[in-house]
Amino acid sequence: MEKNKILLVDGMALLFRGFFATAFRGNFMKTSEGIPTNGIYQFLRYFLDAVDMYEPSHVICCWDMGSKTFRNEIYPDYKANREAPPEELVPQFDLIKEVVEAFNIPNVGLENYEADDCIGTLARLFQADHEIIILTGDQDMLQLVDENIHVSIMRKGQGNYELFTRENFFEKKGIYPHQVVDMKALMGDSADNYPGVKGIGEKTALRLIKEYQSIEGLLANTDQLTKGIRTKLETDLEMLHISRELAEIKCDVPVSCELETAQKRFDRTKIEPKLESLEFKNLDRMLAISAK
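No experiment lies behind these values; they were computed from the predicted model shown. (Residues numbered from 1 in each chain as written. Predicted model: local features only at pLDDT ≥ 70, side-chain atom pairs only at ≥ 80, totals over all residues. Heavy atoms only, no water.)

Caption draft 1: Representation of the overall build of the chain in the model. Secondary structure summary: the chain contains 13 helices and 6 strands in total. For the chain, buried positions account for 52% of its 292 residues. Residue pairs at least 24 apart in sequence account for 70% of intrachain contacts in the chain once pairs closer than 6 positions are excluded. Surface exposure of the chain reaches about 14200 Å², of which carbon and sulfur atoms provide 48%. (Helix = DSSP H or I, 4+ residues; strand = E, 2+ residues; numbered from the N terminus. Buried < 20%, exposed > 50% of the residue type's maximum accessible area, 1.4 Å probe, protein only. Contact = heavy atoms within 4.5 Å. Areas by Shrake-Rupley, 256 points an atom, 1.4 Å probe, with all protein chains shown as cover.)

Caption draft 2: Structural view of the packing of aromatic side chains. Here the structure, examined in full by the defined rule, presents 15 aromatic pairs. Relative to Phe93, the ring of Phe16 has its centre 6.0 Å away and its plane inclined at 40°; by these criteria the two rings are tilted. You can see Phe16 sitting in helix 1 (residues 11-23) and its partner Phe93 sitting in helix 4 (residues 90-102), a full 77 residues away along the chain. The exposure class assigned to Phe16 is partly exposed, which follows from its relative accessible area of 29%. Taken together, the ring pairs connect Phe16, Phe19, Phe20, Phe28 and Phe93 into an aromatic cluster. For Lys172, the ring lying beneath its charged end belongs to Phe164, and the centroid distance is 5.3 Å. Taking NZ or CZ as reference, Lys250 lies 5.8 Å from the ring centre of Phe70, over its face. (Phe/Tyr/Trp six-rings, centres within 6.5 Å; stacked < 30°, edge-to-face > 60°. Lys NZ or Arg CZ within 6 Å of the ring centre and 35° of its normal.)

Caption draft 3: Main features of the nonpolar core. Judged by nonpolar contacts, the single largest core of 47 residues is most densely connected at Leu8, Ile60, Ile134, Leu186 and Leu233. The leading source of residues in this core is helix 5 (residues 115-126), at 6 residues. Contacts of Ile60, omitting those with residues within four sequence positions, involve Ile6, Leu7, Leu8, Val9, Ile105, Pro106, Val108, Leu122, Phe126, Cys257 and Ala262. Grouped together as the second largest cluster of nonpolar side chains are 41 residues, Val9, Leu14, Phe28 and Ile105 included. (Core = buried A, V, L, I, M, F, W, Y, C linked by side-chain atoms within 4.5 Å.)

Caption draft 4: Local environment of the pairing of strand 1 (residues 5-10). Burial runs high along strand 1: 5 of the 6 residues are buried. In the sheet, strand 1 pairs with strand 4 (residues 131-136) via 5 bridges, with the strands oriented parallel. Bridge pairing in strand 4 links Lys5 to Glu131. Of the pairings in the sheet, the one linking strand 1 to strand 2 (residues 58-62) comprises 5 bridges and is parallel in character. When the sheet's bridge partners are listed, Ile6 is paired in strand 2 with His58. (Pairing = 2+ DSSP bridges.)

Read these as spatial facts, not as claims about activity.
Here it is, written out as structure tokens:
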């Protein structure tokens, strides 16, 4: 079997990043009917740049489907600190999926789960026979790095990516991909609004995971810990386990995608009318990349 290169795109990460990269200057780019399009335009710039760089044979785009997931049942305050999306972004949620469809790319998402879970599931599904690159700005995805699964984290500026692979991960992070979840369980995640163990920050979490390898290893050796760390763990033991459950990307959710439908076959005659309907200018570069 020929080994394909599959690009799994974290749609929400690209759309939000694209929106806020331009919105802070008040540049919402609107159609003559007043529909904002700045997030979509920037999404396409990021996306096509990554396609140009990584040259995938197949592309799949994953999305969150609503703000509540099974994680809110585990911990009701999960992501409760997030404000409602800006009104200029709301109409772009559906429009971007139409644009992605115009590129003949499958949109994948499942209610009650996050895009991360869909990406994790698809990555594991295709991992044995293909090379996977996950395009995201979300550090949580680093836990998925494995044999044939690479994570490309978008850095500041156009075309600036940091690629994490199984070979370079330890050198970059000082831990292994499977330890990322335990580290997040200890330190919590302010962006996702779960606390981990109060009083344990990133540096301490990293030191503890390096020394004891895992949460299990840590809890089996509490007699070796300082009184302060031991007390923090005992006080927040339940939250430690809850935080680990929240941090872990589920890789067995009921989603699938026929690889045949994800083959990169951009059709200018389909793409051009869609982008023109959004009144985008300077389409030549976008369409030139999409023609490759």
